[in-house]
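Listed below are the residues making up each chain.
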Amino acid sequence: MNKKGYWAALSLVLMISLLTGCRLADKEKGQTSEDLLIGFFVTLDYIGSEDEHGRERGPIYGKEKGDTYQFEDLKGYGMYFKMYDDAVSGVSDGEIRELKITGGDQFSLEGTLYVEGGKKHSMYANAVYQTSDGKVYLMPGQTGCSAEFDEEGDALYQDMKYESSEGFKTKHGELKKFSYKINMKSAPDLQKIVIKQFDKGDNVISTTAMNADSIRKQVKKLKNASYIMVEYYTKGRVERKICEGDTIEYSHTKKDGVIIIKDITIV
């Protein structure tokens, strides 16, 4: 079976299950055995191993973007192991939430990408490597597997266990065993929020409604307001939360279907 046929067949099989997982091949390597796998650059589209002229593509090098990396003009979201003060830590782009890092004999890194429910989505966890001189790159065509789902509550994950010939040299010794897992979970699309302010007698003294496409950056708290409650409206559901602190969090769906968290400032 050719490469395109393999991916199509694999995607069809994975679509059958609501909870779908795939382990990337341990044999996936960088350019040399000394290059260290440090994480994933997750894309919603497949990065082919050939260019538009049919030529084999080489490694795609990344440039630092804050704590993470940008790989040319590719659209995606990364999570990585990085060294800080002779210790290993985990970093990710803001779209990857619930980042977890655990230590021991095998260090593990896990994150979750939330997407709009009720639509089909694909996820490609592209392995990212670091050279001995600190350069970071991904190898196109080394994706592993993909899947699609279209029901709210569906989930997809890709993971990989890895033992390198060269590891992170830390003050506690050299770390060579790692595992990585990226989850994609669907969530309901926010339709509107309603902000209600109450006085000490639990009476509503102000109501502010905002549709999801016109949410303001600030809301003014009345002088006689004792507390604020926020109502989040999604399809067929309302969730209510008491606001704590000076910001109101809400979910925002990007054009690619990825859901991020934004804030409304209370002034």
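On a predicted model such as this, the values are computed, not experimentally measured, just so you know.

Caption draft 1: Representation of the pairing of strand 3 (residues 60–65). Alignment of strand 3 against strand 10 (residues 136–138), held across two bridges, turns out to be antiparallel. Bridge assignment links I60 to a residue of strand 10, and that residue is L138. For strand 3 and strand 4 (residues 68–71), the ladder comprises four bridges, and the chain directions are antiparallel. By the bridge assignment for strand 4, K63 is matched with Q70. Hairpin connection from strand 3 to strand 4: two residues lie between these consecutive antiparallel strands, with G66 at a positive phi of about 70°.

Caption draft 2: Main features of the confidence of the model for the protein. Predicted confidence across the protein gives a mean pLDDT of 83, with 78% of residues reaching 70 or more. Under a pLDDT of 50 for its full length, residues 1–19 has, in the predicted model, 24 contacts with residues more than four places off or in other chains.

Caption draft 3: Representation of the environment of F71 in the model. Topologically, F71 is positioned in strand 4. When the C-alpha atoms of F71 and F41 are compared, they prove to be 8.8 Å apart, with 30 residues separating the residues in sequence. Each residue touching F71, except ones within four places of it in the same chain, is listed here: F41, I60, Y61, G62, Y80, V128, V136, Y137 and L138.

Caption draft 4: Region of interest: the side chain of T234. Structurally, the position occupied by T234 is in strand 16 (residues 227–234). In this view, T234 contacts P188, D189, L190 and Q191; residues no more than four positions away in its chain are not counted.

Caption draft 5: Region of interest: unusual backbone geometry. In this structure, E72 is a non-glycine residue whose phi angle is positive, near 50°. Relative to the assigned elements, E72 resides in the loop between strand 4 and strand 5 (77–84). On the accessibility criterion, E72 (52% relative accessible area) is exposed. Of note, the phi angle at D202 is positive, near 65°, even though the residue is not glycine. Positionally, D202 belongs in the loop between strand 13 (192–198) and strand 14 (204–211).

Reading guide: rules and limits
Residues numbered from 1 in each chain as written. Predicted model: local features only at pLDDT ≥ 70, side-chain atom pairs only at ≥ 80, totals over all residues. Heavy atoms only, no water. Pairing = 2+ DSSP bridges. Helix = DSSP H or I, 4+ residues; strand = E, 2+ residues; numbered from the N terminus. pLDDT = per-residue confidence, 0-100. Contact = heavy atoms within 4.5 Å. Buried < 20%, exposed > 50% of the residue type's maximum accessible area, 1.4 Å probe, protein only.

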